[in-house]
Every structure is written in structure tokens, then in C-alpha cells.
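Close look at the chain arrangement
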Amino acid sequence: MSTVRSVSLAFTILRSLADGRPWTLTEVASRCSISPSSCLALLKTLVAEGVVERSASKNYLLAAGWAEPLAADPGRGAQLVAAARPLLSRLARDWEVTS
């Protein structure tokens with residue numbers, strides 16, 4: 001199966017943020033094993049799309065509409081991925097990303 005790297009990395013970030021805690025850019029990049037510059041670009045995109053929020057203290061966390069279902073049922077991470085997949089696929093298509 002062929003995958004789009006940027007989409008896969010965005011899902012990695014979303015899974016990392018699914019615990020509901022706010023994380024700094026450095027922490028997210030470290031947790032996801034990606035460079036800070038790549039992580040920042042992905043986080044900026046996720047913020048612009050309303051999936052992730054950036055706090056005044058420069059921490060990143062899932063936006064309220066995405067985090068609330070996970071707080072009620074931590075096993076719903078798969079549902080988060082399913083909900084985000086169309087958005088991330090559209091982003092990959094719009095940016096003509098293939099790998």
C-alpha cells in the first residue's frame with residue numbers, strides 16, 4: 001500500500017495529541033520522531049484547518065471539537081483518525097503530495 005508521508009506524519013501528530021495534554025513544538029516533534037521544522041509545518045496546517053489549537057503559551061493540543069470525544073472515551077482514537085482522514089487526504093491532494 002502506498003502512503004503519503006505528510007498525511008502519515010499528520011496522523012502521528014494527532015495520535016500524539018490524543019491524550020489531551022498540551023505539548024510544545026519540541027515535545028511533539030520528539031514524541032513523533034520528526035524534525036521540528038517538519039512538525040511545525042504540519043502543526044500550522046492542522047491549526048489552520050481547526051483540528052489543533054495553539055495556546056498563548058505556544059503549546060499545541062487538539063481543538064475542542066476533536067478532543068471532547070476522546071476525553072469521554074479514550075478508546076476513540078480510531079474514530080479521530082477516521083474523522084481526520086478525509087481532511088488530510090484533501091490536503092495531500094490540494095498540495096499534490098504523493099510521498
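Just above sits the structure.
Below is a short write-up of the structure. Not measured: the values here are computed from a predicted model.

Further remarks concern the pattern of salt bridges. Summed over the entire model, instances satisfying the criterion amount to one salt bridge. Between D19 and R31 there is a salt bridge whose closest N-O contact spans 3.5 Å. Note that D19 is positioned in the loop between α1 (5-17) and β1 (23-24) and R31 in helix α2 (residues 25-32), a separation of twelve residues in sequence.

Summed over the entire model, instances satisfying the criterion amount to zero disulfides. Of all cysteine sulfurs, the one in C39 lies closest to C32, which takes part in no disulfide; the gap is 5.8 Å. The buried category is assigned to C32, whose relative accessible area is 8%.

The next thing to look at is the nonpolar core. By size, the foremost hydrophobic cluster in this structure holds 25 residues, and its most contacted members are I13, L14, L17, V28, L43, V52 and L88. Considering every element that reaches this core, the biggest residue donor is α1, with seven residues. Non-local contacts of L88, meaning those with residues more than four positions away in its chain, are made with V7, A10, F11, L14 and L46.

Cut-offs and rules
Residues numbered from 1 in each chain as written. Predicted model: local features only at pLDDT ≥ 70, side-chain atom pairs only at ≥ 80, totals over all residues. Heavy atoms only, no water. Salt bridge = Lys/Arg side-chain N within 4 Å of Asp/Glu carboxyl O. Helix = DSSP H or I, 4+ residues; strand = E, 2+ residues; numbered from the N terminus. Disulfide = S-S within 2.5 Å. Buried < 20%, exposed > 50% of the residue type's maximum accessible area, 1.4 Å probe, protein only. Core = buried A, V, L, I, M, F, W, Y, C linked by side-chain atoms within 4.5 Å. Contact = heavy atoms within 4.5 Å.

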